[in-house]
Amino acid sequence: MKQILVVDDDKDIVKLISIYLKNEGFDVVVANNGEDALNMIQQSDVDLVILDIMMPGIDGIEVCRRIREKHVIPIIMLSAKTEDMDKIYGLMTGADDYMIKPFNPLELIARIKSLIRRSYQYKSVVKNKNLLTIGDIEIDKTSHTVLTKGAPISLTAKEFDILYLLASHLGRVFSTEEIFELIWKEAYVYSNNTVMVHISNLREKLEKALGYKLIKTVWGVGYKIEA
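- As annotated in an unreviewed UniProt entry, the protein chain carries the name DNA-binding response OmpR family regulator and comes from Bacillus chungangensis.

1. A closer look at the nonpolar core
Right, so step 1: With 31 residues, the main nonpolar core has Ile-137, Ile-139, Leu-163, Leu-206 and Ile-225 as its most contacted residues.
Right, so step 2: The set of elements that each furnish at least two residues to this core consists of strand S7 (131-134), strand S8 (137-140), helix H6 (157-167), helix H7 (176-183), helix H8 (194-210) and strand S12 (222-225).
Right, so step 3: Among the elements that make up this core, the one with the highest residue count is H6 (seven residues).
Right, so step 4: Ignoring any residue separated from it by four or fewer positions in sequence, one finds Ile-139 in contact with Asn-130, Leu-131, Leu-132, Thr-145, Val-146, Phe-160, Leu-163, Tyr-164 and Ala-167.

2. A look at the packing of helix H2 (residues 34-43) against helix H3 (residues 60-70)
Right, so step 1: Axis separation between H2 and H3 bottoms out at 10 Å; the angle between their running directions is 15 degrees. It follows from the interaxial angle that H2 and H3 lie roughly parallel. Crossing of H2 over H3 shows right-handed handedness. Taken together, the residues of H3 that come into contact with H2 (itself represented by Gly-34, Ala-37, Leu-38, Ile-41 and Gln-42) are Val-63, Arg-66, Ile-67 and Lys-70.
Right, so step 2: Looking at the contact of H2 with H3 residue by residue, the class counts come to five nonpolar, two polar and two charged.

3. Overview of the packing of H6 against H8
Right, so step 1: As a packed pair, H6 and H8 sit with axes 10 Å apart at the nearest point and diverge in direction by 80 degrees. The angle between the axes of H6 and H8 places the two elements in the roughly perpendicular class. Contact residues: H6 offers Lys-158, Glu-159, Ile-162 and Leu-163, while H8 offers His-198, Ile-199, Asn-201, Leu-202, Lys-205 and Leu-206.
Right, so step 2: In terms of residue class, the contact of H6 with H8 is built from five nonpolar, two polar and three charged.

The rules we used
- Residues numbered from 1 in each chain as written.
- Predicted model: local features only at pLDDT ≥ 70, side-chain atom pairs only at ≥ 80, totals over all residues.
- Heavy atoms only, no water.
- Core = buried A, V, L, I, M, F, W, Y, C linked by side-chain atoms within 4.5 Å.
- Buried < 20%, exposed > 50% of the residue type's maximum accessible area, 1.4 Å probe, protein only.
- Helix = DSSP H or I, 4+ residues; strand = E, 2+ residues; numbered from the N terminus.
- Contact = heavy atoms within 4.5 Å.
- Axes fitted to C-alpha atoms, helices over the stretch in contact; angles between N-to-C directions.
- Parallel < 35°, antiparallel > 145°, perpendicular 65-115°, else oblique.
- Left-handed = near helix turned anticlockwise from the far one by under 90°.
- Nonpolar A, V, L, I, M, F, W, Y, C, P; charged D, E, K, R; others polar.

Next comes the structure, spelled out in structure tokens:
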């Protein structure tokens, strides 16, 4: 039985989410603040975290950051904030998904199942918080190096950042706008083809080294990496 940690100071939200999770056969543990959540992560074998951003004391952003320092647990952030930069900041901190309150509980359950399935299905192995291995490719964020079968690939700084973003969120589709705002940290301008040019160059280098396409295009949506 998969265990889900629900972190929110709104007891009604916690009760609602818990009911739906238990109906789907999940084991549920609850924390009403960030400090309790971090303690539970250390003490329990948690498979996924549902994390509210706005909490007294240690907020959700900081909790997410601290979890990511030691753990590779799927995290879904919840927030009443609707601004794009809040969503982007949450994803940059390490969240795998983001939902705006009020939300459809059935959609939340669907996203939870998808993230848990990915976390066990994909072959991405995180040796430490900055090192990813996907099949024949190894991505080291600390040294900004990429190896395929032990041989280095020369990437620009932006190409590396795009690759690391996609590789650290396997199966998640990122739009051109999201990639631009996460990597360049600027507001996206319509018709800006910067991302497409960088993706094209990155793909060419990866395919030459690997012999197959690592970055997939989801037409009309964006880009992703699957293991």
